[in-house]
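These are the residues of each chain, in order.
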Amino acid sequence: MSGANSIIKFLSTLNKSEQEKVYNYLEKELILGSMTTEIQDEIKENRFSLGRVCPYCKKDRVLRNGKYNNKQRYICKDCHKTLTDFTYSPYYNSKKDFTAWLSYIKCMIAGYSIRKCAEIVEISYATQTI
């Protein structure tokens, strides 16, 4: 018997709650993981689609300014503020990774309760402002 068949047979012995946990894990690892890079690339592309413009002062004198946590940093030569591709996005000040955001959004679209969303994304119910 192949490995996949034995896993499928094992999954059929699990109760509904355990099967749902396995499903959520596989979805997070396989589906959301690949979507994360695609969505992040699209956000980066859209950030400067009309050229590099500072979101603070709206001037076009924005230069690259190194990287921090694998995110490109930029600096505005007029107002001297720094920014990233994600400045002014919901993800900007979040301490959660992008995969957690996608998983949470998926749960909300599916119509799950806030408690259920917190359980699936594995965050505290009290601190759900991801």
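Residues numbered from 1 in each chain as written. Predicted model: local features only at pLDDT ≥ 70, side-chain atom pairs only at ≥ 80, totals over all residues. Heavy atoms only, no water.

1. Overview of the environment of Ala-126
Line of reasoning, step 1. On the secondary structure map, Ala-126 appears in the segment after helix H4 (114-121).
Line of reasoning, step 2. Judged by relative accessible area, which is 72%, Ala-126 ranks as exposed. (Helix = DSSP H or I, 4+ residues; strand = E, 2+ residues; numbered from the N terminus. Buried < 20%, exposed > 50% of the residue type's maximum accessible area, 1.4 Å probe, protein only.)

2. Focus on the packing of aromatic side chains
Line of reasoning, step 1. The tally for this structure, following the rule as stated, stands at 1 aromatic pair.
Line of reasoning, step 2. Ring geometry for Tyr-56 versus Tyr-88: centroids 5.4 Å apart, planes at 65°, classification edge-to-face. Within this pair, whereas Tyr-56 is found in the loop between helix H2 (16-47) and strand S1 (62-68), its partner Tyr-88 is found in the loop between strand S3 (82-84) and helix H3 (98-110), the two being separated by 32 residues in sequence.
Line of reasoning, step 3. Assessed through its relative accessible area of 28%, Tyr-56 is described here as partly exposed.
Line of reasoning, step 4. Owing to a relative accessible area of 56%, Tyr-88 belongs among the exposed residues under this scheme. (Phe/Tyr/Trp six-rings, centres within 6.5 Å; stacked < 30°, edge-to-face > 60°.)

3. Looking at the confidence of the model for the chain
Line of reasoning, step 1. When pLDDT is averaged along the chain, the result is 81; 92% of the residues meet or exceed 70.
Line of reasoning, step 2. Summarising per-element confidence for the chain, the mean pLDDT is lowest in H2 (76) and highest in S1 (91). (pLDDT = per-residue confidence, 0-100.)

4. Considerations on a nonpolar patch on the surface
Line of reasoning, step 1. A cluster of nonpolar side chains, namely Met-108, Ile-114 and Tyr-125, defines an oily patch on the protein surface of about 280 Å² accessible area.
Line of reasoning, step 2. The residue Tyr-125 is located in the segment after H4 in this model.
Line of reasoning, step 3. For Tyr-125, a relative accessible area of 42% gives the class partly exposed. (Patch = residues over 30% accessible without salt bridge, like charges linked within 9 Å, V, L, I, M, F, W, Y side chains within 5 Å. Areas by Shrake-Rupley, 256 points an atom, 1.4 Å probe, with all protein chains shown as cover. Salt bridge = Lys/Arg side-chain N within 4 Å of Asp/Glu carboxyl O.)

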